[in-house]
Amino acid sequence: MEPPDEAADPTPIRALLRRLAGVHVSRGDGLTFVLLAAVAMLLMAVEAVTGVLLALYYRPTTADANDSVRFVVTEVEYGGLVRSLHYWGAQSLIAVLGATVAWAALRRAYRAPHALAWISGVALAVLAVAEAFTGSLLPWSHRSVVDAQLSSSLAAQLPLVGPLLRGLMLGGSQPNDLSLVRILGLHAGVLPMLASICIGALALHAAGCAPRHPSAASLSLSPHAALRAAALAAVVAIALLALSSLLPPHLGASAEVARASAAGLRPSWYLAFVHQMLSAAPPRMIGLPSARVLVTAVALGVAALALFPLFDRRASRAGQVAVLVALAAIVGGTIRALLH
Amino acid sequence: MRFSIEIGRLRAVLVALVAALSLAGSSASAQETCVSCHSTQQDLRLRDPVERLRGSVHDLAMGCSGCHGGRGNEPTVQAHDVSVGFVARPDPATVADRCGTCHADARFIRRHRDDLPTDQLALFHADSHGLALAQGNLAAPSCLGCHGSHDVRAPNDPASRVARRRQHETCGGCHSDPARMAGTRLPTNQAALWAESVHGRAVLAHGSSSAPTCAGCHGAHGEHREAGGAEGRCRHCHEAEAEAFDRSPHASAYRRLGFSGCVACHGSHDVREADGALGTAGGMGVCRRCHGEGRDSDGVARRIAAEAERARRDLGQARAAVQAMEAAGLRVPAVKTLVDEAAQADLRLRVAMHALDEGVAREAAAAVSRPAQRARELARHARERDANGRRAWLVALPPLAILAALLLLKIRQIDRKRG
Amino acid sequence: MTDDARTVPAPDATPMARRTLLDLAVGATASGVGLLVLLPAVRFATPPAQPTPGARGSVVGRREEFGENTARVVSLDGEPVLVLALPGGDFRAFVARCTHLGCVVSYNPAREQIECPCHGGRFGCDGRVLAGPPPSALRELPVVVRRDEVMVVRG
């Protein structure tokens, strides 16, 4: 490949493509990450577009929220599909980001100089779960109210910051109108902003670390890897569209805070392992309420998972085993809770 | 100026305080001295009455001698003077009269409360409990048997023995005891049956303040004995049903046969929800007692039951359809209105069933079925429209598939070129 | 194209032509799919033809029940509302309280005016004051006619 000749390119896009043609990724891991990143980017784009569309009709008050979502599904053209896409996109995004983190752990892709990419990736996966969870609260169905109450009580168990967090999230001690505005702010403002910081860090990292010298075992990012990514994205789009068309998400009836009871509700699959732990635990552990212990442990565990490369600078086997065991525990807990 | 106002206010407060203290002192001095000994007795049997009296409706202020006689102001053991009427345990046969000295005295009672009846004593004497006592059956309860002795509480106090949630236990304490009921021909399962009945569950599980407890039908002191028997008591709340029944062909037949209108079909203590278990095909048992197979009326009874069952099924299906519609995130206000209408009509159908007339039942059932079926249809239509709307997007799949195929071609092409 | 021809020298004509065709096909399909996403998104964003969500509409009758140039006063949430069927077939609705002292106004089809019986206030069919003591126009409420049902929207 001849070195890029910027002066000869009149259009900025062509210039970028030429520069990318000089960037190479390995045929194995490099291509896998490009493909996973492409699918994640497609899903994020779907979430962003459908999210903005849904926000056009959403009314964040406890009295109107459920009705406004129903209005979208019933009255607005393509409303059912847009809501369905937003839902399935979010579920798929969690799965894809989770798979990416697992793959990175398997390949020890957190080794220097990739620590920043690992931290950003784990953070993105956690943010995707947080987005899905806050999103499930927005329709203010019976289930949303129970989840809001439960999750804020759990957050309040965290040492030091707990009660503050609960107050910040709910805007009161019980779910109310303010809670919905705050949850919407988290869902459509704070969390996407944090996610874009992570994406920016990943992009910077990729730009800084990608090898520029072709070898027999590498592919140029453009057009070789990019075309493969585009083809995979098209296939994923087909699957997502089919899923959204055929399986509309459930929407519970509008809820009254005072009457919300958790009886008969199942937790969302991505938080099932936390729920499983909480219900299996004895009332007290190490002399403290078990909820407090477990919530603190989960928070610390996730933070440790994200920051793990900082503690394990030599990328030892033991460190990898620890990470894989943690991930296997989450996956195993999820499967067990779903089968339960 | 301001200072003098403050002084004036202070003086007023002081005067009020002194007045209050002197009043409290005077009432304390007037109080009987029984408590001062009995509250410090080692023997629980002697101390307990004081503790129970404290916090009861009567409280300590009522004193002891009103019921126990003796000298209330005598601070020695001389207070227990039989010659001035002291009695440690008042005779059960005369307890009611003792209570009556105050409670049957309208002028006295009105001085304290304007919402207490004063006819309990007269009612009690004419009631079966009172009559049994008068005949010397000491197993029959006096006032104390139900209300307790020292710890009498207002009936609306949840801790009272005659509170709505506890009445069946208090009455059942004797009436569920086969040994106590041995001399009578009364059954001993009423309290248990009631607790399982629609009324009992309404009171015990849902805290209903209107569903009848024992006294709701039987009266507390015998006040409902003359009110038209069991049917009269049912009518008290289920007026519309009773009126429909009066117009039915059964009303005269039951009278002739000596059946009690409501109890013959619904039972008494074990009244159940009037759904599948009674009026509809599953519950033909009740109707079948008279309208058995092979009799002329068998067909009519079947058809009436079938009408009600169909209406109930239509309403159930409409509700399920609406639920499915709402679970899919849809919202059609008209459907909800129709289901509400059908539910209202169902209430009317439940009343109309008491006329036990085929035409009436059919009409009432149709009033349920019509809006219910319409609601179901609308809900189904909304779901279909929703599903079609979502499926319409499957047209985007072929272009996407073509795009994927073209991209694969392109990949092959540049790979080949690269070698 | 001229750009391509200058920077990438073509070895022979056939692969070049094939590549261009494939590139065109990929580009065209991708744009088609893009449009397929864009058009429904625009349709979604366009509010459906019915009262704004949040406002509550009340059906006050069917179109054919209103004769031309007639009006009726209906009660919405206890407030009297004058629904006016204009000669052209249009509908308008006003809060039927005179802005002077709150008397309920009525329509006079002969003069095509809304009139207050109390102090002689008169309003035009657009709710504006024509004569009398009322200080301001009648408050108008939006009317939506959907599937021949006349619906008054309260904010």
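Residues numbered from 1 in each chain as written. Chains lettered and ligands numbered in written order. Predicted model: local features only at pLDDT ≥ 70, side-chain atom pairs only at ≥ 80, totals over all residues. Heavy atoms only, no water.

Novice: What should I look at first to understand the overall build of chain B in this one?
Specialist: Along the backbone of chain B there are 22 helices and zero strands. Long-range contacts, defined as pairs at least 24 residues apart, comprise 53% of the intrachain contacts of chain B with a sequence gap of at least 6. (Helix = DSSP H or I, 4+ residues; strand = E, 2+ residues; numbered from the N terminus. Contact = heavy atoms within 4.5 Å.)

Novice: Whenever I open this one, the overall build of chain A confuses me. Can you help?
Specialist: A tally of helices and strands in chain A yields twelve helices and four strands. Entry remark: accessible area of chain A is about 16800 Å², with carbon and sulfur atoms responsible for 72%. (Areas by Shrake-Rupley, 256 points an atom, 1.4 Å probe, with all protein chains shown as cover.)

Novice: Sorry if this is basic, but what is going on with the interface of chain A and chain B here?
Specialist: How big an interface is tends to be stated in terms of accessible area lost as the parts join. Between chain A and chain B, the residue contacts involve 35 residues of the former and 26 residues of the latter. Roughly 2600 Å² is buried in total at the junction of chain A and chain B, and carbon and sulfur atoms are behind 66% of that figure. Counting the contacts that link chain A with chain B gives three salt bridges. For Asp415 of chain B, the salt bridge goes to Arg228 of chain A, with nearest N and O atoms at 2.5 Å. At the level of secondary structure, the elements contributing two or more residues to the side of chain A that touches chain B comprise α3 (65-75), α4 (79-106), β2 (218-220) and α9 (221-246) of chain A. Tallying contributions element by element places α9 of chain A first for the side of chain A that touches chain B, with 15 residues. (Buried area = accessible area lost by both parts, 1.4 Å probe. Salt bridge = Lys/Arg side-chain N within 4 Å of Asp/Glu carboxyl O.)

Novice: Is there a simple way to think about the pattern of salt bridges in this case?
Specialist: In a structure, side chains of opposite charge can pair up when their charged atoms sit close to one another. All told, the structure shown has 29 salt bridges over all chains when counted by the stated rule. Residues Arg374 of chain B and Glu377 of chain B are paired through a salt bridge, measuring 3.5 Å at the closest nitrogen-oxygen approach. Here Glu377 of chain B and Arg374 of chain B lie together in helix α21 (residues 358-391), a separation of three residues that amounts to about one turn. For the salt bridge of Asp23 of chain C with Lys410 of chain B, the shortest nitrogen-to-oxygen distance reads 2.5 Å. Of this pair, Asp23 of chain C sits in helix α2 (residues 13-45) while Lys410 of chain B is found in helix α22 (residues 397-418), placing the two residues in two different chains. The buried category is assigned to Lys410 of chain B, whose relative accessible area is 11%. Through salt bridges that share partners, Arg303, Glu307, Arg310, Glu358 and Arg362 of chain B make up one connected network. (Buried < 20%, exposed > 50% of the residue type's maximum accessible area, 1.4 Å probe, protein only.)

Novice: I keep staring at the packing of aromatic side chains and nothing clicks. Help me out?
Specialist: Two aromatic rings, taken as a pair, are described by how far apart their centres are and by the angle between their planes. For the coordinates displayed, the defined rule picks out nine aromatic pairs over all chains. Judged by centre distance (5.5 Å) and plane angle (70 degrees), the ring pair of Tyr110 of chain A and Trp118 of chain A falls under edge-to-face. Overall, Tyr110 of chain A belongs to the buried group, its relative accessible area being 2%. Between the aromatic rings of Phe66 of chain C and Phe91 of chain C, the centroid separation amounts to 5.2 Å while the plane-to-plane angle is 80 degrees, which identifies the pairing as edge-to-face. Here the residue Phe66 of chain C occupies a position in the loop between β1 (56-62) and β2 (70-76), and Phe91 of chain C occupies one in strand β4 (residues 91-95), the gap between them amounting to 25 residues. With a relative accessible area of 8%, Phe66 of chain C lands in the buried category. Connected via pairs of aromatic rings, a cluster forms that spans Tyr57 and Phe71 of chain A together with Phe44 of chain C. Here Arg72 of chain C stacks its cationic end above the ring of Phe66 of chain C, 4.5 Å away from the centre of that ring. (Phe/Tyr/Trp six-rings, centres within 6.5 Å; stacked < 30°, edge-to-face > 60°. Lys NZ or Arg CZ within 6 Å of the ring centre and 35° of its normal.)

Novice: Can you help me understand the packing of helix α5 (residues 115-137) of chain A against helix α6 (residues 142-155) of chain A in this one?
Specialist: When two helices pack together, their arrangement is given by the angle between their axes and by how far apart the axes lie. Residue and element names in this part refer to chain A. Between α5 and α6, the shortest axis-to-axis distance is 8 Å and the interhelical angle comes to 130 degrees. Relative to α6, the element α5 is oriented oblique. Here Phe133, Ser136 and Leu137 of α5 lie close against α6, whose contacting residues are Ser144, Asp147, Ala148 and Ser151. Across the contact of α5 with α6, the residue classes break down as three nonpolar, three polar and one charged. (Axes fitted to C-alpha atoms, helices over the stretch in contact; angles between N-to-C directions. Parallel < 35°, antiparallel > 145°, perpendicular 65-115°, else oblique. Nonpolar A, V, L, I, M, F, W, Y, C, P; charged D, E, K, R; others polar.)

Novice: Sorry if this is basic, but what is going on with the side chain of Thr100 of chain A here?
Specialist: All names here are of chain A. Structurally, Thr100 can be placed in helix α4. Of the residues examined, Thr100 reaches a relative accessible area of 17% and is grouped as buried. Each residue touching Thr100, except ones within four places of it in the same chain, is listed here: Phe33 and Leu36.

Novice: Explain unusual backbone geometry to me, please; I cannot follow it from the model alone.
Specialist: Note on backbone geometry: most residues besides glycine have negative phi, and most peptide bonds are trans. With phi around 65 degrees, Tyr78 of chain A is a residue other than glycine that occupies positive phi space. As for its placement among the helices and strands, Tyr78 of chain A is situated in the loop between α3 and α4. Phi at Leu356 of chain B is positive, roughly 50 degrees, even though this residue is not glycine. On the secondary structure map, Leu356 of chain B appears in the loop between α20 (333-352) and α21.

Novice: How do you make sense of helix α16 (residues 249-257) of chain B when you look at a structure like this?
Specialist: Three or four residues apart is the spacing at which side chains of an α-helix point the same way, because the helix has 3.6 residues per turn. When α16 of chain B is considered as a whole, its buried residues turn out to be His250, Ala251, Ala253 and Tyr254 of chain B. Lining the buried residues of α16 of chain B we find α15 (239-246) and α17 (263-266) of chain B.

Novice: Would you mind showing me how to read the nonpolar core here?
Specialist: For soluble globular proteins, nonpolar side chains are generally found buried alongside one another. By size, the foremost hydrophobic cluster in this structure holds 65 residues, and its most contacted members are Leu97, Trp118, Trp140, Leu241 and Val323 of chain A. Considering every element that reaches this core, the biggest residue donor is α4 of chain A, with ten residues. Each residue touching Val323 of chain A, except ones within four places of it in the same chain, is listed here: Ala105, Trp118, Leu305 and Phe308 of chain A. The next biggest cluster of nonpolar side chains, apart from the first, holds 27 residues, and it includes Ala311, Ala352, Ala361 and Ala365 of chain B. (Core = buried A, V, L, I, M, F, W, Y, C linked by side-chain atoms within 4.5 Å.)

Novice: How should I be thinking about the sheet that holds strand β3 (residues 79-85) of chain C in this particular structure?
Specialist: Sheet strands pair via backbone hydrogen bonds, and the direction of the pair is either parallel or antiparallel. Spatially, four strands are ordered β2-β3-β4-β9 (chain C) in an open sheet, and the strand pairing comes out antiparallel. Because the sheet does not close on itself, it has two edges, and the strands there are β2 and β9 (140-141) of chain C. (Pairing = 2+ DSSP bridges.)

Novice: Is there a simple way to explain the sheet that holds strand β8 (residues 129-131) of chain C in this structure?
Specialist: All names here are of chain C. Strand order in the open sheet formed by four strands is β5-β6-β7-β8, and the pairing between neighbours is antiparallel. Two strands bound the open sheet, and with one partner strand each, they are β5 (106-108) and β8. Bridge count for strand β7 (residues 122-123) against β8 is two bridges, and the pairing is antiparallel. Its bridge partner lying in β8, Arg122 is registered against Ala131.

Novice: Honestly, the environment of Ser136 of chain C in this entry has me stumped. Any pointers?
Specialist: Residues and elements named next belong to chain C. Looking at the secondary structure, you find Ser136 in the loop between β8 and β9. By relative accessible area, Ser136 is classed as partly exposed at 36%. A sequence separation of 37 residues divides Ser136 from Thr99, and the C-alpha atoms of the two residues are 6.1 Å apart. Excluding anything up to four places from it in sequence, Ser136 contacts Thr99, Phe123 and Val129.

Novice: Would you explain a nonpolar patch on the surface in this entry?
Specialist: Residues and elements named next belong to chain A. Taken together, the side chains of Val190, Met193, Leu194 and Ile197 make up a nonpolar region of the molecular surface, amounting to roughly 350 Å² of accessible area. Examined against the element boundaries, Ile197 turns out to sit in helix α8 (residues 177-209). Ile197 sits in the exposed class, given a relative accessible area of 54%. (Patch = residues over 30% accessible without salt bridge, like charges linked within 9 Å, V, L, I, M, F, W, Y side chains within 5 Å.)

Novice: Whenever I open this one, the pairing of strand β10 (residues 143-146) of chain C confuses me. Can you help?
Specialist: On a regular strand, each side chain points to the face opposite its neighbour's, so the side chains alternate between the two faces of the sheet. Residues and elements named next belong to chain C. Across four bridges, β10 lies against strand β11 (residues 149-154) in antiparallel orientation. Within β11, the residue paired with Val145 across the bridge is Val150. The antiparallel pairing of β10 with β11 creates a hairpin that spans two residues between the two strands, and Arg147 there sits at a positive phi of about 45 degrees.

Novice: I tried to follow the environment of Ser128 of chain B on my own but got confused; where do I start?
Specialist: Note on placement: Ser128 of chain B falls in helix α8 (residues 128-134). For Ser128 of chain B, a relative accessible area of 48% corresponds to the partly exposed category.

Novice: Explain the side chain of Gln120 of chain B here, please?
Specialist: Residue and element names in this part refer to chain B. Locating Gln120 in the fold gives a position in helix α7 (residues 120-126). What makes Gln120 buried here is its relative accessible area of 16%. Setting aside residues up to four positions removed in sequence, Gln120 forms contacts with His103 and His221.

Novice: For this particular structure, what's the right way to read the environment of Leu219 of chain A?
Specialist: Residue and element names in this part refer to chain A. If you trace the backbone, Leu219 turns up in strand β2. Judged by its relative accessible area of 0%, Leu219 is buried. Residues Leu219 and Gly28, 191 residues apart in the sequence, show an inter-C-alpha distance of 9.7 Å.

Novice: How should the confidence of the model for chain B be read in this particular structure?
Specialist: Residues and elements named next belong to chain B. In the predicted model, chain B carries a mean pLDDT of 81, and the fraction of residues at 70 or more is 86%. Per-element mean pLDDT across chain B ranges from 50 in helix α1 (residues 2-30) up to 92 in helix α11 (residues 190-196). In the predicted structure, residues 19-30 sits below a pLDDT of 50 and forms one contact with residues beyond four places in sequence or in another chain. (pLDDT = per-residue confidence, 0-100.)

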